[in-house]
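Per-entry structural report
This is what each chain is made of:
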Amino acid sequence: MAVEALKCKECSTEYPLEALYVCDKCFGPLEVAYDFSDLDAAETRRKIQAGPRSIWRYADFLPFERRPQTALDAGTTPLVKADRLAAELGIREVWVKNDAANPTHSFKDRVVNVALAKARELGYEVVACASTGNLANAVAAHSAAAGLESYVFIPADLEEQKILATGVYGANVVAVKGNYDDVNKLCTELSHDRPWAFVNVNVRPYYAEGSKTLGYEIAEQLGFELPDRVVAPIASGSLFTKIARGFEEWVEVGLLQGETPAFNGAQAEGCSPVAHAYGEGWDICKPVKPDTIAKSLAIGNPADGPYALELARRSGGGIDSVTDDEIRQGIGLLARTTGIFTETAGGVTTATLRKLAERGDIDSDERVVLVITGEGLKTLDAVRGTFDVTTVEPSVESFESHVALAT
Amino acid sequence: MPPVAITVKIPTQLRAVTAGEGETTIEDAGTVGEVLDGLYERYDGLRERIAEDGDLRRFVNVYVGGEDIRFLDGLETAVEDGDEVTILPAVAGGS
């Protein structure tokens, strides 16, 4: 295994592989550092293809000395060629990475799979998180499967579906009167003095590594090739940057050839600190108070904002924002053309793809991957009232008088 | 005028330079910047960890009464007797 240390992304100071996430010297974020120089591309590829049908087929690229024992695994979700969506948008080739097809129906199963394995390795018995919902579901489920106690902190105004799909696993659900940034601040303070593994606080460097597996999977499912463009949502910016990191590690090892694809980030206009900073040419984000139906993206103070900006610029991509109406239309567009029902975050991403296509930002020969991170059944309010239901008597006459037949 | 006292909450990552203290009090400060100056004077090595070129480093969040000072007046944000200033790393989170 290639994992070496934790390393500060700002000043490169190294730390041991423990529950640390902030550099003592400069407050920069810590990230897992690897040495892949011993990996042979052909042998690694064979090992991946013979590996388990989960994120653990990429164990050589995850922060463990040896593959951990886990009770519930994420990954190997479908990459679907979306020809009808591509045709509607006038793009040659669109692939939808449907990460709603994970155990708790979002990409958060990947990060929690890794974070919990590391938490157990480090000896933690209690797991916690600050969440906008999807992470809450995943932490609750994976903790239950592993037999660990969990505390899940959510904003009190969260969608009911996401609260129900957390409590059912036996988690301690704590609704905080405030927005996600308030929840996050509380968890950061609580993490100082409690022997708990907060997946997105004190074990965040490991948690974030789980998102790389989305990049590995996309590349493997494309036959070990890179796409030309990736359109993905931005909340904290961690997923967005880690998909690129996944690609770049594989290029380094020789599993992939070519340049980093153009990375286009998607935000909701009602919470678009990264898109705003991108538009203004800033290197850092000014925090905002979120107001959007895309609650899973409602992080007003994005931790990885500066890195998301840097990636969008250096890869020739960009970061856009879309309105709540465009989000609803995006959910409908994806559903109508692919049969995939996504939550509001996926509506943001699909609407952003449409915006890019309409603006002419996508070349005619491009292969584009749309990253769909969550399930439509978790945000049903977003589609309520967007279509009509015809009610009839149980008779042929009634049906024929009410429904205009498509013959 | 009675003396002004501001409570400051210190995160784990800075406790190496505060001799383990998680909370302290700064007196006679009128702004967040002055509170921080008071801390820098008291704790050797604190300034370079969270500040750079007279401003806070980009991964440091400071709150007054729970509100991020970037929603207030930044380092110029006024503080009053009894206010609580919290310093936290900015790198947590991810929905």
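What you see is a predicted model; the values in this text were computed from it and never measured.

As a further point, take the overall build of chain B. Broken down by element type, chain B carries two helices and seven strands. Along chain B, from the amino end to the carboxyl end, the secondary structure elements read β-β-α-α-β-β-β-β-β. In terms of overall dimensions, chain B is globule-like: its C-alpha atoms have a radius of gyration of 13 Å, near the 12 Å expected for 95 residues. Each principal axis of the C-alpha distribution contributes one length, and for chain B these read about 45 × 30 × 25 Å. Buried positions account for 52% of the 95 residues belonging to chain B. Surface exposure of chain B reaches about 4500 Å², of which carbon and sulfur atoms provide 42%. Side chains of chain B give 8 positive and 20 negative charges; the mean places of these two sets differ by 10 Å.

Let's shift gears to the sheet that holds strand 3 (residues 30-34) of chain A. Pairing between sheet strands relies on hydrogen bonds along the backbone, with the strands arranged either parallel or antiparallel. Residues and elements named next belong to chain A. As summarised here, the arrangement of the three strands in space is 2-1-3, forming an open sheet in which the pairing is antiparallel. Two strands close off the open sheet at either side, each with one partner strand: strand 2 (14-15) and strand 3. Both strand 1 (residues 3-8) and strand 3 contribute to a ladder of five bridges, which runs antiparallel. Paired with cysteine 8 across the bridge in strand 3 is leucine 30.

This brings us to the packing of helix 8 (residues 212-221) of chain A against helix 9 (residues 238-253) of chain A. Residue and element names in this part refer to chain A. Two elements in contact, helix 8 and helix 9, have axes separated by 6 Å at closest approach and are oriented at 50°. With respect to helix 9, the axis of helix 8 lies oblique. Every pair of crossing elements has a handedness; the one defined by helix 8 and helix 9 is right-handed. Residue-level inspection shows Lys212, Leu214, Gly215, Tyr216, Ile218, Ala219 and Glu220 of helix 8 in contact with helix 9, the latter providing Leu239, Lys242, Ile243, Arg245, Gly246, Phe247, Glu249 and Trp250. Residue classes in the contact of helix 8 with helix 9 are distributed as eight nonpolar, two polar and five charged.

With that settled, the discussion passes to the packing of helix 12 (residues 324-338) of chain A against helix 13 (residues 344-359) of chain A. Residues and elements named next belong to chain A. The geometry of helix 12 relative to helix 13 is characterised by a closest axis approach of 7 Å and an angle of 90° between their N-to-C directions. Taken together, the axes of helix 12 and helix 13 are roughly perpendicular relative to one another. Only Thr344, Gly347, Val348, Thr350, Ala351 and Arg354 of helix 13 make contact with helix 12, whose side of the interface consists of Glu326, Ile327, Gln329, Gly330, Ile331, Leu333 and Leu334. For the contact of helix 12 with helix 13, the class distribution of residues is six nonpolar, five polar and two charged.

With that settled, consider the sheet that holds strand 2 (residues 23-27) of chain B. Ordered in space as 2-1-7-5-6 (chain B), the five strands form an open sheet in which the pairing is mixed. Strands with a single pairing partner mark the edges of an open sheet, and in this sheet they are strand 2 and strand 6 (67-68) of chain B. Bridging between strand 1 (residues 5-9) of chain B and strand 7 (residues 84-89) of chain B involves three bridges; their strand directions are parallel. The residue of strand 7 of chain B that forms the bridge with lysine 9 of chain B is threonine 86 of chain B. Relative to the sheet, helix 6 (residues 180-191) of chain A contacts strand 5 (60-64) and strand 7 of chain B, its axis offset from that of strand 7 of chain B by approximately 85°. Packed onto the sheet, helix 1 (residues 32-42) of chain B meets strand 1, strand 2, strand 5 and strand 7 of chain B and runs at close to 115° relative to strand 2 of chain B.

One pass over the structure, following the stated rule, counts 15 aromatic pairs over all chains. Each ring, one from tyrosine 307 of chain A and one from phenylalanine 59 of chain B, has its centre 5.8 Å from the other, and the planes form 15°; the classification is stacked. Of the two residues, tyrosine 307 of chain A sits in helix 11 (residues 305-314) while phenylalanine 59 of chain B sits in the loop between strand 4 (55-56) and strand 5, which places them in two different chains. One exposure class covers both tyrosine 307 of chain A and phenylalanine 59 of chain B, and it is buried. Three or more aromatic residues joined by ring pairs form one cluster here, namely Tyr34, Phe36, Tyr58, Phe61, Tyr216, Phe224 and Trp250 of chain A. The residue whose ring lies beneath lysine 185 of chain A is tyrosine 63 of chain B, and the NZ or CZ to ring-centre distance is 5.0 Å.

This part is about the interface of chain B and chain A. Contact residues are listed per partner, giving 28 residues for chain B and 39 residues for chain A. Buried surface at the junction of chain B and chain A, both sides included, amounts to about 2800 Å², of which 56% is carbon and sulfur. Taking the shortest distance from any N to any O, the salt bridge between aspartate 193 of chain A and arginine 15 of chain B comes out at 3.2 Å. Elements represented by at least two residues in the side of chain B that touches chain A include exactly helix 2 (46-50), strand 5, strand 6 and strand 7 of chain B. When its residues are assigned to classes, the side of chain B that touches chain A shows twelve nonpolar, eight polar and eight charged.

Residues and elements named next belong to chain A. Looking at the element boundaries, leucine 239 is found in helix 9. For the pair leucine 239 and glutamate 209, spaced 30 residues apart in sequence, the C-alpha separation works out to 9.0 Å. Each residue touching leucine 239, except ones within four places of it in the same chain, is listed here: Phe107, Ser211, Leu214, Pro233 and Thr373.

Residues at a pLDDT of 70 or more form 96% of chain B, whose mean pLDDT is 92. The ipTM for the predicted assembly is 0.88, set against a pTM of 0.95.

Here we take up the pattern of salt bridges. Residues and elements named next belong to chain A. Per the counting criterion, the structure on display carries 35 salt bridges over all chains. Between glutamate 343 and lysine 162 there is a salt bridge, with its nearest N and O atoms 3.3 Å apart. Residue glutamate 343 is found in the loop between helix 12 and helix 13, and its partner lysine 162 is found in helix 5 (residues 160-167); the two are separated by 181 residues along the sequence. Of the residues examined, glutamate 343 reaches a relative accessible area of 0% and is grouped as buried. Notably, a salt bridge pairs glutamate 310 with arginine 314, separated by 3.0 Å at the nearest N-O pair.

Calculation criteria
Residues numbered from 1 in each chain as written. Chains lettered and ligands numbered in written order. Predicted model: local features only at pLDDT ≥ 70, side-chain atom pairs only at ≥ 80, totals over all residues. Heavy atoms only, no water. Helix = DSSP H or I, 4+ residues; strand = E, 2+ residues; numbered from the N terminus. Rg over C-alpha atoms; globule rule 2.2 N^0.38 Å. Buried < 20%, exposed > 50% of the residue type's maximum accessible area, 1.4 Å probe, protein only. Areas by Shrake-Rupley, 256 points an atom, 1.4 Å probe, with all protein chains shown as cover. Lys, Arg positive; Asp, Glu negative; His and termini not counted. Charge placed at Lys NZ, Arg CZ, Asp CG, Glu CD. Pairing = 2+ DSSP bridges. Axes fitted to C-alpha atoms, helices over the stretch in contact; angles between N-to-C directions. Parallel < 35°, antiparallel > 145°, perpendicular 65-115°, else oblique. Left-handed = near helix turned anticlockwise from the far one by under 90°. Contact = heavy atoms within 4.5 Å. Nonpolar A, V, L, I, M, F, W, Y, C, P; charged D, E, K, R; others polar. Phe/Tyr/Trp six-rings, centres within 6.5 Å; stacked < 30°, edge-to-face > 60°. Lys NZ or Arg CZ within 6 Å of the ring centre and 35° of its normal. Buried area = accessible area lost by both parts, 1.4 Å probe. Salt bridge = Lys/Arg side-chain N within 4 Å of Asp/Glu carboxyl O. pLDDT = per-residue confidence, 0-100.

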